[in-house]
Each structure stands twice: as structure tokens, then as C-alpha cells.
Amino acid sequence: MTPRTPITVAYGDGIGPEIMDAVLRIIQTAGAQIEIETIEIGEKVYLRGVETGMEPKAWDSLRRTQVFLKAPITTPQGGGYKSLNVTTRKALGLYANVRPSVSYHPFIYTQHPSMNVVIIRENEEDLYAGIEHRQTEQVYQCLKLISRPGSEKVIRYAFEYARAHNRKKVTCFVKDNIMKLTDGLFHKVFNEIAAEYPDLENETWIVDIGAAKLADTPENFDVIVMPNLYGDVLSDVAAQIAGSVGLAGSANIGDQCAMFEAIHGSAPRLAGQNKANPSGLLLGAIMMLVHIGQPEVATRVHNAWLKAIEEGIHTDDIFTEGNSRQKVGTAEFADAVINRLGEVPIMLKTVSYGKVPSLSLWRKSEHHQKAVKQLVGVDVFLDWEPGSPNELGNALMQVLADPLQLRVITNRGIKVWPDGLPETFCTDHWRCRFMGRDGETVRSSHVVELLKRVAEAGFDPIKTENLYLFDGVPGFSAVHG
Ligand code: NAD
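Position numbers for residues start from 1 in each chain and track the written sequence from start to end. Residue-level local features of this predicted model are given only where pLDDT is at least 70; pairs of side-chain atoms are given and counted only at 80 or more, and the full residue set underlies all totals for whole chains, interfaces and linings. To obtain the side-chain values, all non-hydrogen atoms of the structure were included, while hydrogens and water were left out.

Student: Looking at this structure, how should I read the site of the ligand?
Tutor: Consider each residue's heavy atoms; a residue with any of them within 4 Å of a molecule or strand counts as near. Taken together, 17 residues surround the ligand, and among them Ile73, Gly265, Ser266, Ala267 and Asn277 come closest. Throughout this description, a polar contact denotes any pair of N or O atoms lying within 3.5 Å of each other; where both atoms belong to protein, one of them has to be capable of donating a hydrogen while the other can accept it, and for residues adjacent in sequence the pair is counted only when both atoms sit in side chains. A distance of 2.9 Å separates a nitrogen atom of the ligand from a polar backbone atom of Asn277. Areas reported as accessible are Shrake-Rupley estimates using a 1.4 Å probe. Residue values count occlusion only from the protein chains shown. Computed on the free molecule, the ligand has an accessible area of 820 Å², of which 64% lies beneath the protein chains in the complex. Just so you know the grouping, Ala, Val, Leu, Ile, Met, Phe, Trp, Tyr, Cys and Pro go in nonpolar, Asp, Glu, Lys and Arg go in charged, and all remaining residues, Gly too, go in polar. Split by residue class, the shell around the ligand holds seven nonpolar, seven polar and three charged.

Structure (C-alpha cells):
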């Protein structure tokens, strides 16, 4: 007999407890060998003053079981609360978020009858690093961080996932025509890793047109890997156009731990009414069963669920006249799935899971050698309001800090000095680029001296960014304008 696998379960908020009850009832009746440790997370914990929404003993359980089945939670209104999802993903190193979106035509209404797309979203970095600053009266900043190891992990995972699940193609979405360094790195790593999987097709789309194509002809996509923010937005779009966000589950995978959930939230207005659709969480739990090595149970549950769906037994959110036969509540839907355990769908494609190899395969890329880093200049950002770009340029030209020399001033990335256009709108946030004279090497002490003199001249430097060459290639963007 299969030994019981310990898992940590959180019932969450809003509709969470009802859908979790339904899901646990279904998978346990189907024979899931699990030992449940329950933790409390979410609104009540936040309101007790725990800013992460999760107490230390909950973390202990997660680190012990390494498997987390999580219902959605409500983040209380108002500031000061950290996103529990983002904290959990980052703290446990859950670097890949896997979100399949499948249509169930003709039983659930969709304009895309043959859609079957898996979005693999980078889960730990990008704009979700949560590093934001207000720098001047007018300007706020959010740092977008893309790392080589972060990109390698999620992209290799996407190719391994595609291979393990008999998928044919991996697509990358980026915006590297604009963000040449950050998204450019993601794209470069994608190309490097794609070359190691000649059995799989690969392609890259700029995210805007890629998103339009995904919304229009999703059947042309298979597995798509992308940075965090694009993945967050587009996986909801994909789930919705497949039928409903209420139908999509998600797996958050790390090297040690994994978390499984629905992609939707806690739907507080539906709470306690036995109306919510438990399918998203159930499909998350099915991914969990495969992950913990119980693919036979996952297969039984998934096929019973498909059978209930194709018989038109639908919760309110997916009920449509013509497609649906019987409108049921959360608990009755769970009963309908349980009653069909052992059956397979007739019209929809039967599912069969096998043992999936462990996909925790991250290894440092062999494509990359450590580069020689050379400091060649510095961008000094100033909070400055009083006058025109020329006044600022003239004043900064008087600040001498050999070998650093003022080259260019930009405002929101557009060149305004020298030779700016009078039409360019300027805020109080100025980037002043100083470079070493004649390519002379710059030292940190030169930057410190420059800052001192800029401050002594009466300016307010709000931050600096050092400008480096890596093996002679600029590690900073060129100036527009
Ligand atoms: P939501 O996903 O809870 O609801 C959006 C819409 O979808 C609502 O109309 C809702 O009734 C419907 N819906 C969602 N799940 C459904 C289901 N299973 N069955 C039937 N209908 C369903 O999004 P929201 O209203 O923006 O957020 C509500 C709360 O959930 C917020 O506090 C938010 O912070 C939180 N949230 C949590 C998670 C999570 O824990 N993973 C994710 C997203 C939002």
C-alpha cells in the first residue's frame, strides 16, 4: 500500500473553506494517501498583527511536509499587509508557476474549442521583488530585477515540463525591444536552453503581439514561459478565455517545496453560500497528487471530474442554458464527482497520468562564463525642480570631479541636455550621466568624491547607479533622444 504523504493544508478565507472541504472529500474518497496538517493563514492572521499573514508554526509545517495545498485568502484592505502568496513563493523558493488552461468544449462555453495551453510563469523576481521607492515629490520607482539563475531555472523547468508531458513547443514572451537588458537576458537564456532541447520546437514573441495572438488563436500555443508580471496577467486571460478563471489550478514548484492552489481569489461575496466552483482548487490538487507520486489517484479524480463536466453538472459560474443540464452547489458538485470515480469521459479526452520524473533540475548554465567588470561612469539621479535642463547642465558642468565628466542629462529616460527639445515635458527627477574622461577607468572613490561635490554645490542626489562594462559590453542602457 502507498505510504501516506504528509501535506500542509490551509482552508483560507471567503469561499476557501467550502471549496477545500469539497476537494479533500473528493481526493480522499478517490484513495489519496495523504496525512493532513492544517494551518491557519490569511485574513484572521493578518488582523492579529502578523504582517505576512502566516505564523511561525505554519512555516514549520510547510518546511516539514514540503507540500502545500492552499485555498485562496483575503488580503485585508489598507496598507501594511505583505502579500502572503508572494512571500510564500519567494521564501520557499517556488520559482516556477505552472498554470494549464484547457477548454472543455462543447460543455463549457468558450470561443476557443481546442485550446490547451500551459503558462509557466517566473515566480520570484521581476517587478515582484517588491523594491519600490518614492524618490521625489513627483516620481515613484519600482525595480524590475531579472537574474540569470532565476531565468535559467524557470526556462529549463519549462522545457523539462514540455518533454515530460509530451508537449511539442515552448514559446517565450518578452519585451526586449524596450527592456534590452532585463527582458533581453530572459530571451538570451531562453535561446541558450532551447538549443539543448532539439526535440522541442521553440519560438519567441514580443509580449504585446504574443498576448494578442494568445487571446485570438490560443490553439497555436502549447507551453509558454515568461517573466512574472506578464505571466500573472496572461495566465488569467488564458484561464478566462478557456472557459472561466474558476476552472484553473496552479502549481508553484521549487527545488524542495511545492504549493498547489486555484488561480482565483477568495470571492468574498460568494462565501458561505455553497455556490463556489471547487474545480480550480481540484485541478491544483490533481497536480499535487502527480507531484507526490500518486498519479493513479490523480487520473481517477481528473476523469471523474471530466465526466461530471460533460454530463452538464455545473456550478452557477459555468452554467449556461443549452450547454448545462443541472445547476448544483459546491457540495453537490463534489458528490457528483465522487459518484463518477472510476468512470471516464466519453466526449472529452480521457486523462492518464504516469510517474513524472522529478523536475528539480536546476543546474548552473554552462553557457555563461564570469565576465570582467569595469567601472566606467555613474548615473547620478537628482531631485531638482527650479529650472530648465540647460540651467541644470550649466550648473553641473561647474562641478569638477576628475576623471568624471558630465555627458548627458535625461528626464524619464529622454535626453534633455545637451541639445534637448523645448517640447519635452520634465519632472523633478533628473538622471545625470558622468563618464570617465577618454574611457579612463573610474574607481568607487571617484564616484564618492563626485557625489560629495554635487551635494556641496547645493543639489539633492537621490540615488546613483554605477555604469559598468562586462567584458567590454555596456551593462547599462543607451540614452534615447
Ligand atoms: P476573485 O478571484 O476572488 O473573484 C473574481 C470574480 O470571480 C468574482 O466575481 C467571483 O465571484 C468569481 N469567482 C472566483 N472564484 C470563483 C469560484 N471558485 N467559483 C465561482 N466564482 C468564482 O478576485 P477578487 O474579487 O479580485 O479578490 C477577492 C479577494 O481574493 C481579495 O482579497 C484578493 O486579494 C484575494 N485573492 C487571493 C488570491 C489567492 O489567495 N491566491 C488570488 C487572487 C485574489
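Student: Please explain the layout of surface pockets as it appears in this structure.
Tutor: Once rolled over the atoms, a probe with the size of a water molecule shows which space is left empty. Space inside the largest pocket adds up to approximately 2,400 Å³. Going through the elements one at a time, strand E7 (140-142), helix H5 (148-164), helix H6 (182-194), strand E15 (373-383), strand E18 (429-436), strand E19 (461-470) and strand E20 (473-474) are the ones with two or more residues in the lining of the largest pocket. Only DSSP runs of H or I covering at least 4 residues are called helices, and only runs of E covering at least 2 are called strands; the numbering of each starts at the N terminus. With six residues, E19 is the single largest residue contributor to the lining of the largest pocket. Here the lining of the largest pocket spans two domains, since at least three of its residues come from each of domain 2 (111-236) and domain 3 (373-474). Using a 1 Å grid laid over the protein atoms alone, points where a 1.4 Å probe fits but cannot get out form a cavity; open sets with protein on both sides within 12 Å along at least 5 of 7 lines form a pocket; any residue with an atom within 4 Å of a point counts as lining. Grid points are joined across faces, edges and corners, and a volume is the space filled by probe spheres set on the points. Source of the domain bounds: an automatic or database domain assignment.

Student: Hey, could you run me through the nonpolar core in this one?
Tutor: Nonpolar side chains in soluble globular proteins tend to end up buried together. Within this scheme, the nonpolar core is defined by two criteria: the residues are buried Ala, Val, Leu, Ile, Met, Phe, Trp, Tyr or Cys, and they are joined through side-chain atoms within 4.5 Å. The classification of residues rests on relative accessible area computed with a 1.4 Å probe and restricted to protein chains. Under 20% of the type maximum is buried, over 50% is exposed, and intermediate values are partly exposed. Core analysis: the biggest nonpolar cluster contains 81 residues, and Ile27, Leu69, Ile120, Val225 and Trp305 have the highest contact counts within it. In terms of residues, this core owes the most to one element, helix H9 (residues 279-291), which gives nine residues. Viewed by domain, this core spans two of them, domain 1 (1-92 + 243-353) and domain 2 (111-236), each represented by three or more residues. Throughout, a contact is declared for two residues whenever any of their heavy atoms are within 4.5 Å. Non-local contacts of Val225, meaning those with residues more than four positions away in its chain, are made with Ile120, Val154, Ile155, Ala158, Val170, Thr171, Cys172, Phe173, Phe186 and Phe190.

Student: Would you explain the side chain of Asn411 in this entry?
Tutor: Residue position: Asn411 is located in strand E16 (residues 404-411). We classify Asn411 as buried; its relative accessible area is 2%. A polar atom in the side chain of Asn411 sits 3.0 Å from the backbone nitrogen of Thr427. In terms of polar contacts, Asn411 uses its side chain to reach the backbone carbonyl oxygen of His429, at 3.3 Å. With residues near it in sequence (within four places) discarded, Asn411 still touches Val416, Phe425, Cys426, Thr427, His429 and Trp430.

The quantities given are spatial measurements derived from coordinates; they are silent on function.
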